[in-house]
Each structure stands twice: as structure tokens, then as C-alpha cells.
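An overview of the molecular structure
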Amino acid sequence: MRKNFGPKNFIYPMPVLVVGTYDEEGKADAMTAAWGCCADYTKICLILDRSHKTTANILARKAFTVSMANAANVVEADFVGIVSANNDPDKLAKTKWSLSKSEFVDAPVIAELPLTLECTLDKWDEEREMVIGNIVNTTIDESILDEKGNVDVKKLDPITFDCVAHTYLKLGDVVAKAFNVGLELKK
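Residues numbered from 1 in each chain as written. Predicted model: local features only at pLDDT ≥ 70, side-chain atom pairs only at ≥ 80, totals over all residues. Heavy atoms only, no water.

Mapped onto the elements, D90 comes out in the loop between α2 (74-82) and β7 (99-101). Owing to a relative accessible area of 43%, D90 belongs among the partly exposed residues under this scheme. For the pair D90 and K27, spaced 63 residues apart in sequence, the C-alpha separation works out to 9.2 Å. (Helix = DSSP H or I, 4+ residues; strand = E, 2+ residues; numbered from the N terminus. Buried < 20%, exposed > 50% of the residue type's maximum accessible area, 1.4 Å probe, protein only.)

This is the structure:
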């Protein structure tokens, strides 16, 4: 038997994304966003309230980075999501994250988060509070690559957000090979 919950956004897994920007004076900032997804092969979509310092930074600088939060940095990722740079402009320093400027866009890269999308602003949809970004480069720390040079998800150890229980979860084991297991039904 099924139970109806009405219009709920129960989408699993929900990535935990850390969005990095520079403000008008060049000071680095980061915030955690759970509302983000691929918008195309080279685009990303983020839903960011216009009141966020990060949103103002993106609109001013036309650039940002998006990193996958991982289990090793869950405390820091949660912190930058619950503390606003509008109220605490030095919040990023409290994380002790190592920052460097992206080679490709005007935004910071966080060394401790090993997978980062470097993006330029494509579009700001004010009505939906939606940022669409062009992914200019993806930078990946070699420590999370497998022997073939591909991302090893277990080494990345990304966390996801459970929007019902308000918890962070680690991704689990492989259950099947995509674009392959379904071929069994063609027989």
C-alpha cells in the first residue's frame, strides 16, 4: 500500500555542493547548497536564494566553483551552509580549508574538496532564484582517481543530503553496471 504525501521534493540522492565565490573586494566565500543538478553536459543549475552573499558574488563576478562535499569535510560543509557570510564575513577562515584561485574562472578552489567544477555565469533566473553556470573546467585531485585515471567514487567519498530526515549520508556500493544490466530484458 502506498501513502500520499502531497507535493514534496523527495529526490534521492541530493548532492551536497559547496559553492565558492569571491566578493567585490576579492575575499573568498563558500556556502553549501543542496539544490543543484546537471543542466546539460557542460552546465550546472543551482537554486540559490537572492539573499545569500554567494548569489550576490556570482552576479557581481560572473564566476563560481562547485565542489562535491565529502565525508572527511562534513563538519566544514555543514558549517558554511548554516552560517551566512552576510552575518560572519570571516566564516570561511573557521573551516581551515586551503584556498587557491581557479586557473580558469574568478573563483576559489578548496583543496580539501577533491572534485571541483569551475563555472562562469550563463544565466540568472530571478523569478526562480536559479543560477545556470557554464562548466569551463573540472579539476580533480589525483588522490581520488583510479588506475585508469577515472574518478573512484569510493575515494571521493561524497555525501548526500536526506531532505526528509535532515541527515548526511555516504553513497553506497555498486549494484549494477549502467547501460548494461537492462540488456538482460532484451533476450
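Having seen the model, we can carry on.
A word on the packing of aromatic side chains. By the definition in use, this model includes 2 aromatic pairs. For the pair F5 and F10, a centre-to-centre distance of 6.0 Å together with 65 degrees between the ring planes defines the contact as edge-to-face. Judged by relative accessible area, F10 falls into the partly exposed class, the value being 35%. Seen in terms of ring centroids, F161 and Y168 are 6.2 Å apart; in terms of plane orientation they differ by 55 degrees. Their pairing is tilted. We classify Y168 as partly exposed; its relative accessible area is 31%. (Phe/Tyr/Trp six-rings, centres within 6.5 Å; stacked < 30°, edge-to-face > 60°.)

Right, let's talk about the sheet that holds strand β10 (residues 130-140) for a bit. Spatially, β3-β2-β6-β9-β10-β5-β4 is the arrangement adopted by the 7 strands of the open sheet, whose pairing is antiparallel. Edge positions in the sheet fall to β3 (28-33) and β4 (36-40), since each of these pairs with one other strand and no more. Going from strand to strand, the sheet's axes swing by 35 degrees on average, the running direction of each strand aside. Of the strand pairs in this sheet, β4 and strand β5 (residues 43-47) are connected by 4 bridges, and their pairing is antiparallel. Of the residues in β5, the one forming a bridge with G36 is L46. Against the sheet, helix α1 (residues 53-61) makes contact with β2 (17-22), β3, β6 (63-68), β9 (115-125) and β10, and its axis sits at roughly 55 degrees relative to β2, the strand it touches most. Relative to the sheet, α2 contacts β2 and β3, its axis offset from that of β3 by approximately 95 degrees. (Pairing = 2+ DSSP bridges. Axes fitted to C-alpha atoms, helices over the stretch in contact; angles between N-to-C directions. Contact = heavy atoms within 4.5 Å.)

Further remarks concern the state of the cysteines. Enumeration according to the criterion identifies 0 disulfides in this entry. This cysteine, C38, is not joined by any disulfide, and C37 carries the nearest cysteine sulfur, 6.8 Å off. A relative accessible area of 68% places C38 in the exposed class. Here C119 is not cross-linked by a disulfide; its sulfur's nearest cysteine counterpart is in C38, at 11 Å. (Disulfide = S-S within 2.5 Å.)

What follows covers the nonpolar core. Counting 19 residues, the largest nonpolar core has I44, L46, F64, V66 and V131 as the members making the most contacts within it. For this core, the elements supplying multiple residues, two or more each, are β2, β3, β5, β6, β9 and β10. Element by element, the count of residues in this core is highest for β9, at 5 residues. Core analysis: the second largest hydrophobic core is formed by 17 residues, A30, A69, I110 and F161 among them. (Core = buried A, V, L, I, M, F, W, Y, C linked by side-chain atoms within 4.5 Å.)

Below, the discussion takes up the pattern of salt bridges. This structure, assessed with the given rule, holds 10 salt bridges. The salt bridge involving R50 is made with E129; its shortest N-O contact spans 2.7 Å. Taken as a pair, R50 in the loop between β5 and α1 and E129 in the loop between β9 and β10 lie far apart in primary sequence, 79 residues in all. The class for R50 is partly exposed, based on a relative accessible area of 42%. Given the relative accessible area of 17%, E129 is considered buried. Among the ionic pairs, K101 bridges to D106, the shortest N-O distance being 3.9 Å. In this structure K101 comes out as partly exposed when scored by relative accessible area, which is 48%. (Salt bridge = Lys/Arg side-chain N within 4 Å of Asp/Glu carboxyl O.)

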